[in-house]
Amino acid sequence: MAPSPVNIMDRMKRTLSLLADREFDVVVVGGGIYGAAIAREAALCGLSTALIEKNDFCSATSASSLKIIHGGLRYLQQMDIARLRNSATERRTLLRIAPHLVHPLPCLMPTQGHLMKGREAMFCGMLLNDILSADRNRRMDPEKVIPRCHLISRDEVCRRVPGFLPDGITGGAVWHDAYVYNSERLVTAMVRSAVEAGATAANYVKLTGFHKRDSRITAIRVRDELAGAEFDIAAKLVINAAGPWANEVLATLMPGSPAPVSGLALGLNFILKRSLLPHYSAGLRSRRNAGESQRLMFMMPWRGQTLAGTYYRPHQGSADSLKVTEQDIEILLSDLTHAYPAAEIKHEDIAAILPGLLPVKHTRLINGEPVLANHFSIIDHSGKDAVEGLMTVVGVKYTTARDVAVRTLRHALTKLGYPRTDSGSHQRPLPGGAITDFNAFLSEGKALAPAPLSSAVMEHLVFNYGTEAHDLLSIGKAVPSLLTPLAPSTSVLGAEVVHAVRAEMAVTLSDVVLRRTDLGSAGRPTPDALASCSRIMAAECGWDEARRRAELDQVNNAQIYQADSKNNQ
Ligand SMILES: Cc1cc2nc3c(=O)[nH]c(=O)nc-3n(C[C@H](O)[C@H](O)[C@H](O)COP(=O)(O)OP(=O)(O)OC[C@H]3O[C@@H](n4cnc5c(N)ncnc54)[C@H](O)[C@@H]3O)c2cc1C
């Protein structure tokens, strides 16, 4: 069971000896949203828990999400009421436990004709959705209230989506999902919550193999990806939450055995520099060729820019070989242009690309396009594979990771012979999330912003750190220069860089730029901001000049800036 709590700051240091010197109840492999949620759930249930990630936390699929926390309306198309309820419940949970990071998102979709996309069908669907999620606002902060769905006129659609008026539009349907302000910080918050509950977590630690006694797993073999050393982590149960790498993790144990992920698809989104739709996100239909069925493109206002996607195609080979081609980028650009011609989206508008891999059910015979898996799987390998002490979890949505973690732990506790426990994870705020009235908290924060902080910078801190904005102010009290933004182009403060290293296990410059702060997660930072960030981190970590330059190169070559690099050529 869980060790006695140690200072959280110490536990958020990357101390690999803490992984090697004992047997854990559970070791979770993979630090995306699923691994982080499972580790948190296990630790909150009182299990001694380890979490390892081969790269940085939230550096793969979970960082490429379109940031939508689905309320489940879309599942009515398949009349999947259970999934709708599940999504709506998880939306409410995330709005409640991470009120600084998750906010309601008004969405709009034009109606056309009189069949499934018509006003009548939409109205019935939305009414049913409101009824089925009638408890969505129970005891919620007023900022988190999800209003009822409604229909709007054709003129109103044109007003909310400027310049959009293709033939055949009869009006629009309006509903609310939620969005994540910073998906990487939400995963970091999950990891920190796990660590606060007693878990030991480490990034840049890769599973390379398993140790077995008879048919039972006793430990995993891992490699420190920074220093190269190998060691073992002993555990009664290994939970493989390696997302697109789930098959590869299992292949180190059972080469050639049936794999839980039957295929993968590349999903690609863009962050566009312009704010195309300041208030509403919109689902707009696009058709590549006459006679082809329409695809739904989503455009969403996000941090003053626009998130847009999604393009899918089958992915062959290992998950590590994920590569976005120029053709992928051109196809997504063209799909978005067809969906919203008035926006005149061009290559130069792309601030960042967000590619990720998703499990597929099968590939369509007519056009070779992937059909995405729509259900998570929790596999106990003691069944068909006759391997004790190993489970694999494959999720399909960022939104529902916590719920899948609860289900995983229900099974894990039984396997380990512990009584079932309610972890309370649905009501326990994530670090920074103990806020009951977000608007009041934000107004107060802005009004009381200490000099030299502007209210815009204070707002940025509140959205990213919630109540922990105070920790950054404390860092600034000791060194006032750290309360200055890194450059005129950004609101990110020097104090955030120091906080990321001291309290959030950032060990590379990319961790800070792409995942702990807003500096580079929505587009390439300006050279002065990046240089300033690297100097503060170098001082904090004791890097020499050569190391600082190598870290800068790594950030500049990040895949997320692939399209932007071409724009700058
Ligand atoms: C383009 C796109 C858009 C999406 N949009 C949305 C959306 O709007 N809303 C939504 O709810 N969902 C969305 N999703 C789905 C959602 O992002 C995924 O379901 C979710 O992020 C999967 O999380 P994960 O933890 O399973 O995988 P990952 O985030 O990929 O995490 C798996 C981790 O395991 C690590 N790992 C692999 N092998 C090893 C090893 N040997 N040792 C240690 N660690 C290892 C990897 O480095 C990785 O970090 C989207 C997905 C994509 C691709």
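Refer to the preceding data block for the structure.
Residues numbered from 1 in each chain as written. Predicted model: local features only at pLDDT ≥ 70, side-chain atom pairs only at ≥ 80, totals over all residues. Heavy atoms only, no water.

## Examining empty space enclosed by the protein
Right, so step 1: Throughout the structure, instances matching the rule amount to 3 cavities of 30 Å³ or more.
Right, so step 2: The computed volume of the largest cavity comes to approximately 80 Å³.
Right, so step 3: For the lining of the largest cavity, the elements supplying multiple residues, two or more each, are α7 (183-196) and α12 (455-465).
Right, so step 4: Ranked by the residues each element gives to the lining of the largest cavity, the list is headed by α7, at 4 residues.
Right, so step 5: Residues of the lining of the largest cavity, tallied by class, amount to 4 nonpolar, 4 polar and 4 charged. (1 Å grid on protein atoms, 1.4 Å probe; cavity = no way out; pocket = protein on both sides within 12 Å on 5 of 7 lines; lining within 4 Å. Points joined across faces, edges and corners; volume = space filled by probe spheres on them. Helix = DSSP H or I, 4+ residues; strand = E, 2+ residues; numbered from the N terminus. Nonpolar A, V, L, I, M, F, W, Y, C, P; charged D, E, K, R; others polar.)

## A word on the nonpolar core
Nonpolar side chains tend toward joint burial in soluble globular proteins.
Right, so step 1: In terms of nonpolar packing, the biggest core is built from 69 residues, with Ile271, Leu453, Leu461, Leu486, Leu509, Val513 and Cys533 touching the most fellow members.
Right, so step 2: Every residue in contact with Cys533, bar those within four places of it in the chain, is listed here: Leu486, Val497, Leu509, Val512, Val513 and Leu519.
Right, so step 3: One finds Ala282, Leu284, Ile350 and Val387 within the second-largest nonpolar core, a separate group that totals 64 residues. (Core = buried A, V, L, I, M, F, W, Y, C linked by side-chain atoms within 4.5 Å. Buried < 20%, exposed > 50% of the residue type's maximum accessible area, 1.4 Å probe, protein only. Contact = heavy atoms within 4.5 Å.)

## Here's the deal with the packing of aromatic side chains
Right, so step 1: This structure, assessed with the given rule, holds 3 aromatic pairs.
Right, so step 2: Members of the aromatic cluster, connected to one another through ring pairs, are Tyr181, Phe438 and Phe463.
Right, so step 3: The side chain of Arg22 reaches across the aromatic face of Phe24, ending 4.5 Å from its centre.
Right, so step 4: When the ring centre of Tyr181 is taken as origin, the NZ or CZ atom of Arg303, which lies over that ring, is 5.5 Å away. (Phe/Tyr/Trp six-rings, centres within 6.5 Å; stacked < 30°, edge-to-face > 60°. Lys NZ or Arg CZ within 6 Å of the ring centre and 35° of its normal.)

## Describing a nonpolar patch on the surface
Right, so step 1: Taken together, Phe123, Leu127 and Ile131 make up a surface patch of nonpolar side chains, about 290 Å² in accessible area.
Right, so step 2: Structurally, the position occupied by Ile131 is in helix α5 (residues 119-132). (Patch = residues over 30% accessible without salt bridge, like charges linked within 9 Å, V, L, I, M, F, W, Y side chains within 5 Å. Areas by Shrake-Rupley, 256 points an atom, 1.4 Å probe, with all protein chains shown as cover. Salt bridge = Lys/Arg side-chain N within 4 Å of Asp/Glu carboxyl O.)

## Focus: the packing of helix α3 (residues 33-44) against α7
Right, so step 1: Axis separation between α3 and α7 bottoms out at 8 Å; the angle between their running directions is 25 degrees. When the interaxial angle is binned, α3 and α7 end up roughly parallel. α3 and α7 meet at a crossing whose hand is left-handed. The residues of α7 that touch α3, namely those facing Ile33, Ala36, Ala37, Ala39, Arg40 and Ala43, are Val187, Met190, Val191, Ser193 and Ala194. (Axes fitted to C-alpha atoms, helices over the stretch in contact; angles between N-to-C directions. Parallel < 35°, antiparallel > 145°, perpendicular 65-115°, else oblique. Left-handed = near helix turned anticlockwise from the far one by under 90°.)

## Quick notes on the pairing of strand β13 (residues 295-302)
Right, so step 1: With 7 of 8 residues buried, β13 lies mostly within the body of the structure.
Right, so step 2: Across 5 bridges, the pairing between strand β12 (residues 281-286) and β13 is antiparallel. Within β13, the residue paired with Gly283 across the bridge is Phe298.
Right, so step 3: Judged from the 5 bridges that link them, β13 and strand β14 (residues 305-315) form a sheet pairing that is antiparallel. (Pairing = 2+ DSSP bridges.)

## Re the layout of surface pockets
Right, so step 1: Empty space within the second largest pocket amounts to approximately 750 Å³.
Right, so step 2: Lining the second largest pocket are 31 residues, and of these Tyr181, Trp302, Arg303, Gly304 and Gln305 lie nearest its centre.
Right, so step 3: Elements with a contribution of two residues or more to the lining of the second largest pocket: β4 (102-112), β13, α12 and α16 (527-541).
Right, so step 4: Here the residues of the lining of the second largest pocket are counted per class, giving 16 nonpolar, 11 polar and 4 charged.

## Considerations on the site of the ligand
Right, so step 1: Not every one of the 35 residues close to the ligand is listed here, only the nearest: Glu53, Thr61, Ser62, Ile68 and Thr399.
Right, so step 2: Here an oxygen atom of the ligand and a side-chain polar atom of Thr61 are 2.5 Å apart.
Right, so step 3: Note that an oxygen atom of the ligand is positioned 3.2 Å from one of the backbone N or O atoms of Lys397.
Right, so step 4: Notes on the ligand: free accessible area 1,000 Å², of which the protein chains cover 97%. (Near = heavy atom within 4 Å. Polar contact = N/O pair within 3.5 Å; in protein donor to acceptor, adjacent residues only side chain to side chain.)

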